[in-house]
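Observations on chain architecture
Single-letter residue listing:
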Amino acid sequence: MRLLPLARAAFGWDADVAVTEGPRGALGRVWRVDTGRAVYALKEIFADPPDPQRVAAEVAFTRRAAAAGVRVPLSHPDVHGRYVTPAPDGAALRLHDWVDVRPVDLAAAATPGRLGELLARLHRCAPPAAGEPVDDWYERPPPDAAWATPPAGLPALTALVTPADPARLIVCHRDLHPGNVLEDARGELVVLDFDDLGPADPSRELAGALFDWFCDPAPDLAAMRAAHAAYVAAGGPGRVAAPADFTMLVASRLNFLLRQTRIARDPAADPEHRAWARAEIEEALRILPTPAHLAAALAATA
């Protein structure tokens with residue numbers, strides 16, 4: 001790991017730490033660090049370190065979630081008390097608890113109910129976010145002119161996107177796909193990667209989660225219905241009840257697809273990042289919902 005000397009100094013580790021490469025995402029990679037006394041997840045953020053205020057909000061929220069019974073890896077500061085350690089080339093490091101996890105079986109009969117209950121618990125413990133602006137990533141899809149080749153059905157998808165009601169905003173995870181919700185050795189769900197934490201309408205996060213979990217290659221309407229029902233039964237404040245509730249899903253999917261397209265076509269980008277982007281484009285196009293998919297999901301949850 002190229003930043004290991006920096007990490008040793010920042011977190012007070014000796015030379016005997018064992019580092020193993022873990023999973024990566026669009027914006028960073030996780031390394032497993034065994035210090036002999038504890039095991040940590042060291043996240044290497046490739047560029048654009050998160051704002052300190054945003055990180056402070058994340059630290060506070062994960063503590064609230066843990067107190068509410070949600071299994072989350074907590075954050076740890078460096079020797080200077082910072083939860084974001086700057087690194088060369090615009091990169092940064094963050095340190096969390098390491099949890100041995102495995103993928104959730106998406107086809108298991110209990111999975112929709114477990115997801116619904118988990119999301120309800122997160123939303124019930126979330127503080128209000130009225131007055132905080134929603135990031136354009138979740139409410140403004142790219143303009144038509146941004147696409148070299150527009151995805152199929154683009155006008156119909158973007159037509160349903162509307163701004164959220166500020167009064168309904170709470171602090172949300174905003175990236176609850178199956179890669180960020182895994183299970184530990186006991187089978188308990190573990191929520192990872194709160195880097196995208198911020199204001200959102202809970203109904204819109206719920207709608208997005210249904211498609212993140214139960215739409216590949218086509219919507220599993222029975223699973224969506226079961227997850228929605230479990231969320232409602234567990235006291236979740238959101239409801240998927242109108243086409244506008246898919247705003248967050250549509251805007252974020254399209255913005256992500258465009259970003260990966262630009263990385264894949266950028267000759268100056270790191271070859272590893274370009275290869276990863278090409279794989280993400282293939283998946284993003286495969287799971288991009290159609291207007292018919294959204295209509296069917298809305299009927300199922302209503």
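Given the structure is predicted, the values throughout are model-derived calculations rather than measurements.

What counts, and where the lines are drawn
- Throughout this document, residue positions are counted from 1 along each chain, in the order its sequence is written.
- Whole-chain, interface and lining totals are the exception, using all residues; otherwise, since this is a predicted model, local features are given only for residues with pLDDT of at least 70 and side-chain atom pairs are given and counted only at 80 or more.
- Side-chain numbers here rest on the full set of heavy atoms in the structure, without hydrogens or water.
- Strands here are runs of E lasting at least two residues and helices are runs of H or I lasting at least four, both read from the DSSP assignment and numbered beginning at the N terminus.
- Given the number of residues in a helix, its expected span is that number minus one, multiplied by 1.5 Å.
- Any residue under 20% of the maximum accessible area for its type is buried, any over 50% is exposed, and the rest in between are partly exposed; the area is computed with a 1.4 Å probe on protein chains only.
- The axes used here are C-alpha line fits, helices contributing only the stretch in contact, and every angle between their N-to-C directions lies in the interval 0 to 180 degrees.
- Should the near helix be turned anticlockwise from the far one by less than a right angle, the crossing is termed left-handed; should it be turned clockwise, right-handed.
- For this analysis, residues touch if any pair of their heavy atoms sits within 4.5 Å.
- For this scheme, ten residues count as nonpolar: Ala, Val, Leu, Ile, Met, Phe, Trp, Tyr, Cys and Pro. Four count as charged, namely Asp, Glu, Lys and Arg, and the remainder, Gly too, count as polar.
- With a 1 Å grid spanning the protein atoms alone, the term cavity applies to any set of points in which a 1.4 Å probe fits but cannot get out, the term pocket to an open set with protein on both sides within 12 Å along at least five of seven lines, and the term lining residue to any residue with an atom within 4 Å of a point.
- Grid points are joined across faces, edges and corners, and a volume is the space filled by probe spheres set on the points.
- Put simply, a salt bridge is a Lys or Arg side-chain nitrogen that is within 4 Å of an Asp or Glu carboxyl oxygen.

Some remarks on helix H7 (residues 247-264)
Under the 1.5 Å per step criterion, the end-to-end length of H7 is 26 Å for 18 residues, consistent within 8% with the ideal 26 Å. Taking burial as the measure, the 18 residues of H7 include 14 buried ones, the bulk of the element.

Description of the packing of helix H5 (residues 202-213) against helix H6 (residues 221-233)
Between H5 and H6, the shortest axis-to-axis distance is 10 Å and the interhelical angle comes to 145°. Handedness of the crossing formed by H5 with H6: right-handed. Contact with H5, carried on its side by Pro202, Leu206, Leu210 and Phe211, involves Met224, Ala227, His228 and Tyr231 of H6 and no other residues of that element. Classifying every residue of the contact of H5 with H6 by side-chain character gives seven nonpolar, one polar and no charged.

Brief notes about the layout of surface pockets
Its volume calculated, the second largest pocket comes out at about 270 Å³. Among the elements that line the lining of the second largest pocket, the one with the most residues is helix H2 (residues 52-67), at three residues. Split by residue class, the lining of the second largest pocket holds five nonpolar, two polar and five charged.

Section: the pattern of salt bridges
Summed over all chains, the structure comprises 20 salt bridges. For Glu44, the salt bridge goes to Arg29, with nearest N and O atoms at 4.0 Å. Residue Glu44 is located in strand E3 (residues 39-45), and its partner Arg29 is located in strand E2 (residues 28-34); the two are separated by 15 residues in the primary sequence. Here Glu44 matches Arg29 in class, with each residue buried.

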